[in-house]
Amino acid sequence: MNKSAMNPPIEATPRLAFEPELLLAALDVRLLLLDVDGVLTPGDLLYGAQGEELKRFSTLDGHGLKLLMSAGIEPVVISGRDSPALRARIAELGLQHSVLGSGAKLPAAQSLLDQLQLSWEQVAIIGDDWPDLALIARAGFSAAPPQSHAEVLARVSHITRAPAGLGAVREVCDLLLMARGAYAALLQDALDGKPHTPPPGRPHDAISGTLAEPGAVLPSAR
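Described in the following lines is the structure provided in the data block.

With respect to the overall build of the protein chain
Then comes step 1: Regarding its fold elements, the protein chain presents nine helices and nine strands.
Then comes step 2: Taking all 222 residues of the protein chain together, the buried fraction comes to 46%.
Then comes step 3: Contacts in the protein chain between residues far apart in sequence, at least 24 positions, make up 61% of those at least 6 positions apart.
Then comes step 4: Put simply, the protein chain shows about 10,900 Å² of open surface, and 56% of that area lies on carbon and sulfur atoms.

Points about the packing of helix H3 (residues 59-70) against helix H8 (residues 168-180)
Then comes step 1: Put simply, H3 and H8 touch, their axes get as near as 7 Å, and they point 25° apart. In terms of axis orientation, H3 runs roughly parallel to H8. Relative to H8, the crossing made by H3 is left-handed. Facing Leu60, Asp61, His63, Gly64, Leu65, Leu67 and Leu68 of H3, the residues of H8 in contact are Ala168, Val169, Arg170, Cys173, Leu176 and Leu177.
Then comes step 2: Here the residues of the contact of H3 with H8 sort into nine nonpolar, two polar and two charged.

Examining the packing of H3 against helix H4 (residues 84-93)
Then comes step 1: Where H3 contacts H4, the two axes come as close as 10 Å, and the packing angle between them is 45°. In this view, H3 runs oblique relative to H4, as classed from their interaxial angle. Here H3 contributes Thr59, Gly62, Leu65, Lys66 and Met69 to the contact with H4, which in turn contributes Arg89, Glu92 and Leu93.
Then comes step 2: Looking at the contact of H3 with H4, its residues break down into three nonpolar, two polar and three charged.

With respect to the side chain of Arg89
Then comes step 1: Along the chain, the position of Arg89 falls in helix H4.
Then comes step 2: Side-chain polar atoms of Arg89 contact the backbone oxygen of Ser58, separated by 3.2 Å.
Then comes step 3: A distance of 2.8 Å separates a polar atom in the side chain of Arg89 from a polar atom in the side chain of Glu92.
Then comes step 4: Apart from residues no more than four positions distant in its own chain, Arg89 is found in contact with Phe57, Ser58, Thr59 and Gly62.

Calculation criteria
Residues numbered from 1 in each chain as written. Predicted model: local features only at pLDDT ≥ 70, side-chain atom pairs only at ≥ 80, totals over all residues. Heavy atoms only, no water. Helix = DSSP H or I, 4+ residues; strand = E, 2+ residues; numbered from the N terminus. Buried < 20%, exposed > 50% of the residue type's maximum accessible area, 1.4 Å probe, protein only. Contact = heavy atoms within 4.5 Å. Areas by Shrake-Rupley, 256 points an atom, 1.4 Å probe, with all protein chains shown as cover. Axes fitted to C-alpha atoms, helices over the stretch in contact; angles between N-to-C directions. Parallel < 35°, antiparallel > 145°, perpendicular 65-115°, else oblique. Left-handed = near helix turned anticlockwise from the far one by under 90°. Nonpolar A, V, L, I, M, F, W, Y, C, P; charged D, E, K, R; others polar. Polar contact = N/O pair within 3.5 Å; in protein donor to acceptor, adjacent residues only side chain to side chain.

Structure representation (structure tokens):
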């Protein structure tokens, strides 16, 4: 028996699909801005006995962000809050840029776009509340989890089926990967058992340095 008969090809047609107009809207996206509470987390604020802030993150979301980076789309956390738990998650994912503890997200985001030489048409945003509205109004593509504020839900390109902290971000990552034309190849790699590795050249410590360097954290832009 030949080897090909022993290992028949695995059928790799994607089972996931998005509406063509959504994929078209996300076609030029090169940067994904991510709120944290109510997007990357379910939105609960949990505190330990010593007052430390605890956060719950989804492994589905995390793997989606790593796949996104491998396809050339840069995820950026942009949050009005800052905590050791959040910084640990950013470092674990290997995100190159973050905006933490910022009371005014728009100036911080604009500064990042200027330095990366990107336009708002190349930006996707997933947010859930009023502090994200200025970014949603400008981004080429926008999304929100279903429990988001009504003013946000009325203005975004896409409302996710998955809830915040439980796959909403992964859903947006999958959509962006499809729009980028990278989803099918990444799925084939997974079915073939090829291990996914992050792109080369990423820092081990993703939250050190300045904005002009990989691994930057932009301080509060109040």
